[in-house]
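Below are the chains, spelled out letter by letter.
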Amino acid sequence: MISLKFLYNNPLGKLFTNDKISKNSVVILAETDPDLDSDQQRAQYVRSIPKALLFKNLLLQGYLVNPKFLKKIDNFQIKSDDLWLATYPKSGTTWTEEIISLIYNNGDIDKVKDKLLATRVVHFEVGPPLGHSRWLKKLKSPRLLATHLPVTHIPSQLKQSKCKIIYVMRNPKDNAVSYYHHHRISTYLGNYRGPWNTFVDLFANGHLAHGDWFEHIKGYRQLSIQYPNRVLFISYEELKTDLPKMIELIANFVERKLSQEVIDRIAKHCSFDEMKTNNMVNREKIPIKDLFDMTESKFMRKGIIGDWKTHFSTQQSKQFDDKYNDKLNELGLTVCYDSEDAYHRMQTNGRIINKNFQSFDDNQNITDNSDSGYDISL
Ligand code: PPS
């Protein structure tokens, strides 16, 4: 089994990973950013991520992200039957990946149970140092691809092509908590050892790897409003509150008809308890042995709505409410911060995300043209 230590520190391994990164390129080493020391909190964070990159100003991990690949992203050929999943990290990516993989396999668990999720839904910008591009091109159609890149950084064809995109958002407080623990277990993110209070500021200031949480949401929300039949915008809280219904919604969106029995089978297989012990998805069994240190906590950690209450102070919670709630409302997005609220909204409106929130005016201001609120169907 290969290790990051070998790939990035051993002279032999470095033959594969030592890309020359010039200073005036779309990808630079983040530590060479001339503005880095203007914010000490950010600078310390950036320096804690091994070989961190800035890709058109977006902070990315250095390990398993190939600068040569990033430089060519804009020319990446999209296929009309691709299905893309886009998320800010820790929003329910793995969960949705397993769901779509099963939908595309007609709910046949035998077909997926011995195959690592990463080989069934392939992460676009993260991959082996050699051959990733070739692998993506050679994947059998329909390709299932996942990305954490914001809209501003995805291949330009992806915005216009016919292929479908699913975007999953999670409420920002739980998202921040999950990302904090993920930073602590992830070697490629430097096994963060700073305090929670600093981390929460880094999140709110948009300094973390993959950039600003709200801008990420906003870009894809706008795309989903512009192309409602191509971009499905859903939330972690919806998956958590009514998984069978959301599986059906996703299946309809990708034009796969599933029987109720298959939907229920997928829902059972994709419950937190099942996924937590499923080595094909829980990162306990992966080809790189030191990507995670899961002695303190697990990749499949709690899987609930509302864990933020055990981390956020009253003041931090208010800071997030003030910072995000109004801006999200302007995008027609109401977030649920606890399970009762999520349950109530699903019961009353059928969805939490407002699907009827449709249009932009010419000045790109969003106008709400929904009169009856929410819609269950697609
Ligand atoms: S990553 O690293 O960006 O791919 O992480 P991501 O998969 O987006 O998010 C991980 C969080 O999702 C939770 N999770 C689930 N919750 C409920 N049910 C199921 N089936 C499920 N699968 C994954 C996982 O536990 C992480 O959230 P936290 O809050 O840390 O537990």
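Residues numbered from 1 in each chain as written. Predicted model: local features only at pLDDT ≥ 70, side-chain atom pairs only at ≥ 80, totals over all residues. Heavy atoms only, no water.

Colleague: Can you help me understand the confidence of the model for the chain in this one?
Modeller: Caution is warranted with low-pLDDT regions, since their predicted coordinates should not be read in detail. Residues at a pLDDT of 70 or more form 94% of the chain, whose mean pLDDT is 91. Predicted confidence is poor over residues 359-378, with pLDDT under 50, and the contacts of this stretch with residues over four places away or in other chains come to 48 contacts. (pLDDT = per-residue confidence, 0-100. Contact = heavy atoms within 4.5 Å.)

Colleague: Explain the nonpolar core here, please?
Modeller: Burial of nonpolar side chains together is a common tendency in soluble globular proteins. Core analysis: the largest hydrophobic core is formed by 123 residues, its most contacted members being I103, I166 and M169. A total of 7 residues in this core trace back to one element, the largest contributor, which is helix α14 (residues 243-253). (Core = buried A, V, L, I, M, F, W, Y, C linked by side-chain atoms within 4.5 Å. Buried < 20%, exposed > 50% of the residue type's maximum accessible area, 1.4 Å probe, protein only. Helix = DSSP H or I, 4+ residues; strand = E, 2+ residues; numbered from the N terminus.)

Colleague: Would you explain the packing of helix α12 (residues 213-226) against helix α17 (residues 314-330) in this entry?
Modeller: To describe two helices that pack against each other, one gives the angle between their axes and the distance between the axes. Orientation of α12 relative to α17, taken along the N-to-C sense of each, is 5 degrees, at an axis distance of 11 Å. Taken together, the axes of α12 and α17 are roughly parallel relative to one another. Residues W213, F214 and I217 of α12 lie in contact with α17, whose contacting residues are Y324, K327 and L328. (Axes fitted to C-alpha atoms, helices over the stretch in contact; angles between N-to-C directions. Parallel < 35°, antiparallel > 145°, perpendicular 65-115°, else oblique.)

Colleague: What is the right way to look at the sheet that holds strand β2 (residues 53-55) in this model?
Modeller: Strand pairing within a sheet occurs via backbone hydrogen bonds; the two strands may be parallel or antiparallel. If you trace the 3 strands from one edge of the open sheet to the other, you get β1-β2-β3, paired in antiparallel fashion. Unpaired on one side and paired on the other, β1 (27-29) and β3 (58-60) mark the two borders of the sheet. Neighbour-to-neighbour, the strand axes of the sheet open up by a mean angle of 30 degrees, direction not taken into account. Of the pairings in the sheet, the one linking β1 to β2 comprises 3 bridges and is antiparallel in character. Across the sheet, residue L29 finds its bridge partner in β2, namely L53. (Pairing = 2+ DSSP bridges.)

Colleague: Would you mind going over the site of the ligand with me for this structure?
Modeller: Taken together, 22 residues lie around the ligand, and T93, T94, S178, Y236 and K302 are the ones closest in. S91 is positioned with one of its backbone polar atoms (N or O) 3.1 Å from an oxygen atom of the ligand. At 2.9 Å, a backbone N or O of C270 approaches a nitrogen atom of the ligand. Within the complex, 97% of the 640 Å² of free accessible area of the ligand lies under protein. Listed by contribution, the elements that provide at least two residues to the shell around the ligand are α5 (93-104), α10 (172-185) and α16 (272-276). When the residues that make up the shell around the ligand are grouped by side-chain class, the tally is 8 nonpolar, 9 polar and 5 charged. (Near = heavy atom within 4 Å. Polar contact = N/O pair within 3.5 Å; in protein donor to acceptor, adjacent residues only side chain to side chain. Areas by Shrake-Rupley, 256 points an atom, 1.4 Å probe, with all protein chains shown as cover. Nonpolar A, V, L, I, M, F, W, Y, C, P; charged D, E, K, R; others polar.)

Colleague: Explain a positive patch on the surface to me, please; I cannot follow it from the model alone.
Modeller: There is a patch of like positive charges on the surface, built from K72, R134, K137 and K138. Looking at the positive patch, the element that brings in the most residues is helix α8 (residues 132-138), giving 3 residues. For K138, the location among the structural elements is in helix α8. Since its relative accessible area comes to 69%, K138 is described here as exposed. (Patch = residues over 30% accessible without salt bridge, like charges linked within 9 Å, V, L, I, M, F, W, Y side chains within 5 Å. Salt bridge = Lys/Arg side-chain N within 4 Å of Asp/Glu carboxyl O. Lys, Arg positive; Asp, Glu negative; His and termini not counted. Charge placed at Lys NZ, Arg CZ, Asp CG, Glu CD.)

Colleague: Can you help me understand helix α15 (residues 260-269) in this one?
Modeller: Every buried residue belonging to α15 is among V262, I263, I266, A267 and H269, and all of these are buried. Relative to the axis of α15, the buried residues are bounded by an arc of 165 degrees and lie together on one face. Relative to its buried face, α15 has exposed residues pointing more than 90 degrees away, namely E261 and K268. Considering only its buried residues, α15 is in contact with α5, α6 (109-112), α14 and α16. (Arc of directions from axis to C-beta.)

Colleague: When you look at the environment of M275 in this model, what are you seeing that I'm missing?
Modeller: Here M275 shows up in helix α16. Residues M275 and K71, 204 residues apart in the sequence, show an inter-C-alpha distance of 35 Å. Those residues in contact with M275, other than ones at most four positions away along the chain, are T94, W95, E98, H269, C270, V281, N282 and M300.

Colleague: Before we go on, may I ask you to explain the pattern of salt bridges in this structure?
Modeller: Side-chain pairs of opposite charge can arise where the charged atoms are in close proximity. Inspection of the entire model under this criterion finds 17 salt bridges. The salt bridge involving E98 is made with R120; its shortest N-O contact spans 3.0 Å. Taken together, the positions of E98 in helix α5 and R120 in helix α7 (residues 117-120) put the pair 22 residues apart, joining distant regions of the chain. R184 serves as the salt-bridge partner of E296, at 3.0 Å between the closest nitrogen and oxygen. One end of the pair, E296, is in the loop between α16 and α17; the other, R184, is in helix α10, with 112 residues separating them in the sequence. Overlapping salt bridges, with partners in common, bring together R301, K302 and D307 in one network.

Colleague: What exactly am I supposed to notice about the layout of surface pockets here?
Modeller: In this model, the second largest pocket occupies a volume close to 410 Å³. Around the second largest pocket, the lining comprises 14 residues; the ones closest to its centre are N105, R120, K140, P142 and L144. At the level of secondary structure, the elements contributing two or more residues to the lining of the second largest pocket comprise α5 and α7. Residues belonging to the lining of the second largest pocket are distributed by class as follows: 5 nonpolar, 4 polar and 5 charged. (1 Å grid on protein atoms, 1.4 Å probe; cavity = no way out; pocket = protein on both sides within 12 Å on 5 of 7 lines; lining within 4 Å. Points joined across faces, edges and corners; volume = space filled by probe spheres on them.)

Colleague: Can you walk me through the environment of G131 in this structure?
Modeller: The topology assignment puts G131 in the loop between β5 (122-123) and α8. Its relative accessible area of 28% is what places G131 among the partly exposed residues. For the pair G131 and M280, spaced 149 residues apart in sequence, the C-alpha to C-alpha distance is 22 Å.

Colleague: Could you clarify how one ought to interpret the packing of α10 against helix α11 (residues 196-204) in this entry?
Modeller: At a minimum axis separation of 10 Å, α10 and α11 run at an interaxial angle of 120 degrees. In this view, α10 runs oblique relative to α11, as classed from their interaxial angle. The interaxial crossing formed by α10 with α11 has right-handed handedness. Between α10 and α11, the contacting residues are P172, N175, A176, V177, Y179, Y180 and H183 on the first element and W196, F199 and F203 on the second. Along the lines of polarity and charge, the residues of the contact of α10 with α11 split into 8 nonpolar, 2 polar and no charged. (Left-handed = near helix turned anticlockwise from the far one by under 90°.)

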